Amino acid sequence: MKVALASQNWSSPMTSMYSYSTDVLRALQSVGVDAVPLPISSLVGMPVGGLLLPLARRTFRSYPNREGRLVHHIDQDAWRGVDVVTVHDLYPFRDTRFADRFIRSAVRTAVRRARRIVTDSRATLDELAVRFPAFTRGKMQVVPIPHAPVSADRREPVYDALWIGRNAPNKRLEEYVALAQRFPRARFAVRWSRSPGRPEANAELTRSIGATANIQNFTQFLEEAQMDELYRSTRVYVSTSTYEGWHIPVMAAYLRGSHIVIPRIEPYVSIYPEPTAFWYDPTSRPSLDEAFGAALAAPFRPPSAQVADYVSYSRVGSQLRSVYEELAPR
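Everything in this summary refers to the structure shown in the same document.

Quick look at the pairing of strand β1 (residues 2-7) now. With respect to burial, β1 is a largely interior element, five of its six residues being buried. Pairing between β1 and strand β2 (residues 34-39): six bridges, direction parallel. Bridge pairing in β2 links Ser7 to Pro39. Note: β1 against strand β3 (residues 70-73), four bridges, orientation parallel. Looking at the pairing, Ala4 lines up with Val71 of β3.

Here it is as structure tokens:
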């Protein structure tokens with residue numbers, strides 16, 4: 001079985017999509033699939049043509065250097081000739097930015113062209129089925145995001161809380177900053193990236209984080225080993241999202257022994273059994289405060305073997321191999 005993993009993120013090591021691409025590759029190789037990267041040059045952030053050029057590429061271009069391999073495009077912007085596409089979330093259909101019209105176009109094109117569609121969660125699969133019934137019926141499967149096997153060895157806590165992500169409206173980083181302000185004795189850390197097209201929101205968050213004395217703002221690039229150390233030396237990982245399709249840092253922190261404070265929304269509800277997390281109502285700050293306080297006071301507990309198996313290389317690699325085998329000539 002030969003597969004090419006197409007992605008625009010093979011050269012972007014600071015992104016979650018790079019981590020995802022690497023882990024999918026390793027998961028496939030762990031179960032004997034001959035998988036190789038198929039790098040697609042990224043046009044994100046181009047001063048001219050950053051929206052129209054990707055549209056033109058996906059409309060007219062086919063994959064180079066396939067060498068007889070199935071193509072699995074793993075960042076939902078598929079070209080002609082794609083076999084499998086991973087759709088991570090449908091938040092662009094809920095956003096109002098002009099640029100998101102082009103992302104919506106990419107998703108529509110991907111699900112129409114793909115012979116099989118992979119989603120990271122049941123919630124995304126169900127939403128796809130509602131939005132694109134004619135293109136998705138009978139060709140979708142849930143395959144979770146794989147995570148490298150790690151131990152839950154802890155370090156002496158340096159931070160009480162950690163938040164990682166982009167300043168997107170659904171991520172609600174401002175709620176994390178407000179949480180830090182309500183718990184002035186706790187030590188908070190954040191590693192965030194600015195949201196394209198929202199300069200005022202980015203500037204306001206920069207001011208707010210800078211004015212909050214108990215937040216350590218990580219702006220520099222952190223190597224994989226440094227991220228591992230950050231997770232292990234943090235008591236609690238906090239998610240403040242109101243909508244998620246996937247979120248690698250929550251699982252990365254959980255598998256290393258951090259408590260997780262997460263909103264009672266999908267896909268978290270389907271991924272984490274009830275006792276494994278400190279849940280809160282995303283519409284209620286008192287609920288968030290209560291969950292965070294409980295997590296701070298709780299003793300260490302190892303991650304669930306059930307959750308670790310759910311995202312293991314062997315399990316995820318086997319599920320993807322089954323998807324490819326459905327497409328292989330008989």
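Once that is clear, we can look at the sheet that holds strand β11 (residues 259-263). Think of a sheet as strands paired side by side through backbone hydrogen bonds, with each pair either parallel or antiparallel. Read across the open sheet, the six strands follow the order β9-β8-β7-β10-β11-β12; overall the sheet is parallel. Of all the strands in the sheet, just β9 (215-217) and β12 (278-280) have a single pairing partner and so form its edges. Across the sheet, the axes of successive neighbouring strands diverge by a mean angle of 25 degrees, strand direction being ignored. In the sheet, β11 pairs with β12 via three bridges, with the strands oriented parallel. Bridge pairing in β12 places Ile262 opposite Trp279. Against the sheet, helix α11 (residues 285-297) contacts β7 (159-166), β8 (188-193), β10 (234-238), β11 and β12, and its axis sits at roughly 170 degrees relative to β12.

With that settled, consider the packing of helix α1 (residues 16-30) against helix α13 (residues 313-327). The packing of two helices is summarised by the inter-axis angle and the distance between the axes. Here α1 crosses α13 at 80 degrees, and the two axes come no closer than 7 Å. Between α1 and α13, the angle is such that the two are roughly perpendicular. On the side of α1, the interface is formed by Asp23, Val24, Arg26, Ala27, Leu28 and Ser30, while α13 contributes Tyr313, Ser314, Gly317, Leu320, Arg321 and Tyr324. By residue class, the composition of the contact of α1 with α13 is six nonpolar, three polar and three charged.

About the cut-offs
- Residues numbered from 1 in each chain as written.
- Predicted model: local features only at pLDDT ≥ 70, side-chain atom pairs only at ≥ 80, totals over all residues.
- Heavy atoms only, no water.
- Buried < 20%, exposed > 50% of the residue type's maximum accessible area, 1.4 Å probe, protein only.
- Helix = DSSP H or I, 4+ residues; strand = E, 2+ residues; numbered from the N terminus.
- Pairing = 2+ DSSP bridges.
- Axes fitted to C-alpha atoms, helices over the stretch in contact; angles between N-to-C directions.
- Contact = heavy atoms within 4.5 Å.
- Parallel < 35°, antiparallel > 145°, perpendicular 65-115°, else oblique.
- Nonpolar A, V, L, I, M, F, W, Y, C, P; charged D, E, K, R; others polar.

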